[in-house]
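# A look at the structure
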Amino acid sequence: MHIPDGFVSGTINSVTAVVSVATLAFCVGRVKKELADKAFTVPLLGTIAAFVFAAQMLNFPIGGGTSGHFLGAVAAAALLGPWNACIVLSVVLVIQGLLFGDGGITALGSNIFNMGIVGGILTFPVMRGIRALLPSGRSGYCIAAATASWLSVVVASGFCAFELALSGTSPLKIALPAMVGTHMIIGLGEAMITVAVLTAVATARPDIVPAWANLDGTLQPAPMRKAPWGLAAAGLVLAVALALFGSPFASSSPDGLEKVAEEKGFMEAAAEDKVVWTKALFPDYKITNIQSEKLATGLAGVVGTMIVFACGFMVIRFMARVPAKSGKVDAK
Amino acid sequence: MIAIQDLRYRYHDGSEALRGLDLCIEEGEKVCLAGPNGAGKSTLLLCLAGLLQAEGRLRVGGHDISRQGPGPSALGLVFQYPDDQLFCPTIGEDIAFGPRNQRKSEQEVADRVSSSLSAVGLSGFEPRCAHHLSGGEKKRAAIAAVLACQPDILALDEPWANLDARASRAVTDIMRNFSGTLLVASHDLTRAAFVCTRLIVIDQGALVGDGPMKDLLQDLGFLEAHGLEP
Amino acid sequence: MGHGFIDRFSRMDSCIHRLDARIKIVLTLLLIILAVTTPPQRLLAFVIYAGVLLWTTAFSQLPLQHVLRRAAMVLPFSAFVALGIPFVHGGETVPLFGLRLSVTGLWILMGATVKSMLAATALILLMSTTPFNRILAGFRALGTPKIFVDLLSLSHRYLYLLIEEATRLRRAAIARGYAPKWLPQTLIVGRLVGNLFLRSYERAERVYGAMCLRGYAGYLPTSGFAPVSRRDGMLLVVMMLLLISVRVFVH
C-alpha cells in the first residue's frame, strides 16, 4: 500500500500533504503540550514506531503462496490513542521512505493520509463506538479492535486506489477492486494480529491498556449518552466505507467518476501535466477548456475526500471530549 | 552516603520484591550487592536511582529519594543492557546528553565527553553510532555516559553480563579507577572480589549477609545456600 | 536488511559526503519534486536528471551497482500497479508483441516507472552520503518540529534492534516447525508481534528511566550547523537554477 514517487499527481499529493501536515501538526502539538508532565511520550512513541516498523517486516500468509504484512495503525490507536497512532505511523512512513525506498517522498502526504489518518484516526470512533456497545471485559475490546483493524486496511487501500485513479495512473474500475479485494483478505490477518497484540498486552500489562477498553468493568454501566454517539460514528464510517466500496462490486459498469474521467480525457491530463502551480507560475503553458474541466473533476473527488475527513474529524473531536468530562484518561 | 530503612517494594501483581531492607553505605566504600537471580538486586538499584517508588526511608547523598520522582541525582546507574542507555544517534551526543541537561557550557560539555571517553578507553568514538559497537564497547560507552554526569556514587547492574574476558577486564579496570562510592550488583563474586571490599547478600528481597568481602567468601556453606559461588 | 547495508557508505569521505546536509536535502527534494511533476513525454529532461544523479554518484565514489540495485527495489510496486495500465486505457493503440496497447497507457507506465526510479536513486544518494544524524539535524534546521525530529532519531536508534528481535522470534518459531501457509496461521505471527510489542514497551520504559537519570527534560539535544560556506552556497544556487531550467525549458 506504500505508493512510490511518480504514481500520484501533484494535485492529489498537494491536497493529501496539506491534510497530513495539518493533522500531524495538531498531533505533535498535543504531545508538546503534555511534555511537561508526560515526557515518557517521546521515548514511547519513538520505540513503538520502531516496533511497528519491525512488525511490518513479519509477513503473514494469505493463501496461495502470497503474503501480506501488518499495518499496525489500529493496534497503536487501541493502546496509545488515535493521535499518537497517527504520529507513530508517520514516523514509520518517513523512515521507510528515506532509508528503505518503501513509499515515495512526494507521495508521503498520500501515504500518511491513507495509513496514519484513515487507518489510525478515522477508524478510532468506530472502535470506541463498538466497544461502548459490548459488555465489559477483554473480548469486547478485542472485537472492537478487530473490526476497526479490518476496516482500517480496507478503507486505506480504497483511498489508495482513489488517489491512483484521480491521478490517472490506474483506472478506478481496475484499481479499486484489485486493491480493496486483496486488502479485504489482508485485513483479516491484520485483525488477527491486532487481537493477538491486545490480548498479550491485556494479560501481561493491563496497566497500559487505556481506560475506555473497560477490561475490568469499571466503566459499567456505560453512560447512556455515550453509546448513541459511538453508534452514530460507527454508522457514518461504515456507510462511507460501503458507499465507497460497495458500488464497484455491485455493478460492473464504470461508475460516475470513471465515466466523467473518460469522457473528458482526464486520463490524458495526467500524462500531459500534473501540477496546478506550475501553470500558475508559467503562464505560457496553455490552459485549455478541457484541462480546467479535468481539473474540476479532480477537485470534485478531492473535495469529497475532504468532506469525509471533516465529518470524521468532527465526530472524533466530539468523542474525544466525552471521556475527558468524566475524568477518564482518553489515551495513555 | 546511602541510608535505607525498612525499604519495601511490590510488583504490579502484588508479589513482594523487597521486604523491609535496612542498609547503610559510607562514602568511598566499594560494595558488591550479590544474590541469586530474582533476589531483588536490580529492583534495589532502581529504587536507589529513584526510578521505582518504594515504601520506607531512602536517603542518597543527603537527599530523601523516597518522595522524589525520577531525576538526576548523586547516584549514576549503569543499566544491564547498554542499548537502553545509548539512545542518541552518535556516542558523542549520548555522552554529551547528561552534561548538556546540567546546563554546562559547550566547552565544558566537550571536555567531559573527551575525558569520560578516555576514562573508558574509547577516545575518538564520538562520531560512531551505538549500533556499530561491540557488546563490550557499548558497555564502556554506557559507563562513560554516566561518568560524564560526574556522580558521587557509581552503581552498576550486572556489569560483566554477556561480556568476554577482555571486555570484562576493561570494565573491571574502569571500576577500579573510579574514586567515589561504588555499588556493583552481580552474582559474579570472582570478578567482584577484584573491585569490592564489602559484600552484601540479599535473597528473596531480604538482607541475609553483610560483611567484608574476604570473610564472607570463606563461608562456602552460606554462599551455596544463596545460589552463589566464590 | 542490516544496519551496515545503508550506513556503510554514509561515513565514507568525498566532496559529496562533506557537503552541508541542508544543501543535500534541499537539492534532493527539489530534484524529486521536479522529476515527479515533469510530463512523461519530455524524455530529454529525464535524461538530464539521470545525468545529474550519475554525475553525483561518480563524485561521491559510491559503487554504481549499490545505487542501482537499491533503486530497483521500487520496481515491484510499479509492476503491481502499473503493468495493467497499457491494456485498460482507451484511445489510440499500437500493436506490440501481438497485443494492442494504449499509447496513453504506455506513456503513463513509462513516466511512473522512470519517475519512481529517479526519485529512489536521488534518495539513495542522499542517504548514502550523509549520516542519519546529520539528516535529522538538517531537517531540524529546515524547520521540522523538534519533537518529530526526536521521534525519528529515537525510532531510528531502536529500529535495527527491534528488527533483530523480530528476526530472532521468527527464527525461534521456524526452529520449532512454524511454516505458515494459510491465513489462520497468522495467529502465530500475532503472538510474535504481541511479544515484540511488550518488549518494545518495556524497552521504552527503560530508555525513559535512563534519560531521566541524566536530566531529560523533554528534548534531545541536537548538534547544530556551521553557516553555509560561500562555495557551498554557490553550488546550491547553480544546481537549483540548472534543475529548474531543465524542468521549464527542456521539451
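Residues numbered from 1 in each chain as written. Chains lettered and ligands numbered in written order. Predicted model: local features only at pLDDT ≥ 70, side-chain atom pairs only at ≥ 80, totals over all residues.

## So, the overall build of chain A
Quick note on the threshold: Segments assigned H or I by DSSP are reported as helices when at least four residues long, segments assigned E as strands when at least two residues long, and all are numbered from the N terminus. What counts as a contact is two residues whose backbone-derived C-beta atoms lie within 7 Å of each other.
Regarding its fold elements, chain A presents 13 helices and 2 strands. For chain A, long-range pairs separated by at least 24 residues make up 77% of all intrachain contacts whose partners lie at least 6 apart in sequence.

## Examining the overall build of chain C
Counting its regular elements, chain C contains 12 helices and 2 strands. Helices and strands appear in chain C in the N-to-C order α-α-α-α-α-α-α-β-β-α-α-α-α-α. Taking all contacts inside chain C whose residues are at least 6 apart in sequence as the whole, residues at least 24 apart take part in 75%.

## A look at the sheet that holds strand E3 (residues 30-34) of chain B
Residues and elements named next belong to chain B. For clarity, the threshold we go by: Strands were regarded as paired on the criterion that DSSP finds at least two bridges between them. To obtain each axis, a line is fitted to C-alpha atoms, and for helices this fit is confined to the stretch in contact; angles are then taken between N-to-C directions over 0 to 180 degrees.
Strand order in the open sheet formed by 6 strands is E6-E7-E8-E3-E9-E10, with mixed pairing between adjacent strands. Lying at the two open borders of the sheet, with one neighbouring strand each, are strand E6 (75-78) and strand E10 (206-212). For this sheet the average axis-to-axis angle between neighbouring strands, irrespective of direction, equals 15°. Note that strand E9 (residues 198-203) and E10 share 6 bridges and pair antiparallel.

## Thoughts on the interface of chain A and chain C
Operational definition: Each residue gets one label: Ala, Val, Leu, Ile, Met, Phe, Trp, Tyr, Cys and Pro are nonpolar, Asp, Glu, Lys and Arg are charged, and the others, such as Gly, are polar.
The interface of chain A with chain C comprises 72 residues on the first partner and 74 residues on the second. Counting only elements with at least two residues in the side of chain A that touches chain C, the list comes to helix H1 (10-34), helix H2 (41-56), strand E1 (59-63), helix H4 (82-100), helix H8 (172-204) and helix H11 (266-272) of chain A. Examining the composition of the side of chain A that touches chain C, we find that 13 residues originate from one element, H2 of chain A, more than from any other. For the side of chain A that touches chain C, the per-class residue count stands at 49 nonpolar, 15 polar and 8 charged.

## Observations regarding the confidence of the model for chain A
Residues and elements named next belong to chain A. Filter applied, for reference: The pLDDT score gives, residue by residue, the confidence of the prediction method on a 0 to 100 scale.
Residues at a pLDDT of 70 or more form 64% of chain A, whose mean pLDDT is 73. Mean pLDDT values for the elements of chain A range from 32 in helix H12 (residues 276-281) up to 95 in helix H3 (residues 73-80). The low-confidence segment residues 245-306, where pLDDT is below 50, has 72 contacts with residues more than four positions distant or belonging to other chains. Scored below 50 in pLDDT, residues 315-332 shows 31 contacts in the model against residues more than four places distant or in partner chains.

## Some words on the nonpolar core
Note the threshold: By our criterion, buried Ala, Val, Leu, Ile, Met, Phe, Trp, Tyr and Cys residues that link up through C-beta atoms within 7 Å make up a nonpolar core. Three exposure classes are used. Buried residues have 20 or more other C-beta atoms within 10 Å of their own C-beta, exposed residues have 12 or fewer, and partly exposed residues fall in between, all C-beta atoms being placed from the backbone.
By size, the foremost hydrophobic cluster in this structure holds 238 residues, and its most contacted members are Ala76, Ile87, Val88 and Ala145 of chain A, Val184 of chain B together with Val193 of chain C. Leave out the neighbours within four places in its chain, and Ala76 of chain A touches Ile48, Val52, Asn84, Ala85, Val88, Leu89 and Gly120 of chain A.

## Let's talk about the packing of H2 of chain A against helix H10 (residues 146-175) of chain C
What counts is decided by this rule: When describing relative orientation, an angle under 35 degrees is termed roughly parallel and one over 145 degrees roughly antiparallel, while 65 to 115 degrees is termed roughly perpendicular and anything else oblique. Here is the rule for handedness: rotate from the far helix to the near one, and if that takes an anticlockwise turn smaller than a right angle the crossing is left-handed, while a clockwise turn gives right-handed.
Packing of H2 of chain A against H10 of chain C leaves a shortest axis separation of 7 Å and a crossing angle of 45°. Considering their axes alone, H2 of chain A and H10 of chain C lie oblique with respect to each other. At the point where H2 of chain A passes H10 of chain C, the crossing takes the right-handed sense. Along the contact surface, H2 of chain A presents Val42, Pro43, Leu45, Gly46, Thr47, Ala49, Ala50, Phe51, Phe53, Ala54 and Ala55 of chain A, while H10 of chain C presents Ile147, Asp150, Leu151, Leu154, Ser155, Tyr158, Leu159, Leu162, Ile163, Glu165 and Ala166 of chain C. Taken together, the residues of the contact of H2 of chain A with H10 of chain C break down into 17 nonpolar, 3 polar and 2 charged.

## Some points on the sheet that holds strand E5 (residues 63-64) of chain B
All names here are of chain B. Strands sit in the order E2-E1-E4-E5 across an open sheet of 4 strands; the sheet is antiparallel. Because the sheet does not close on itself, it has two edges, and the strands there are strand E2 (16-25) and E5. With 7 bridges connecting them, strand E1 (residues 2-10) and E2 associate as antiparallel partners. Across the sheet, Ile4 pairs through a bridge with Leu23, a residue of E2.

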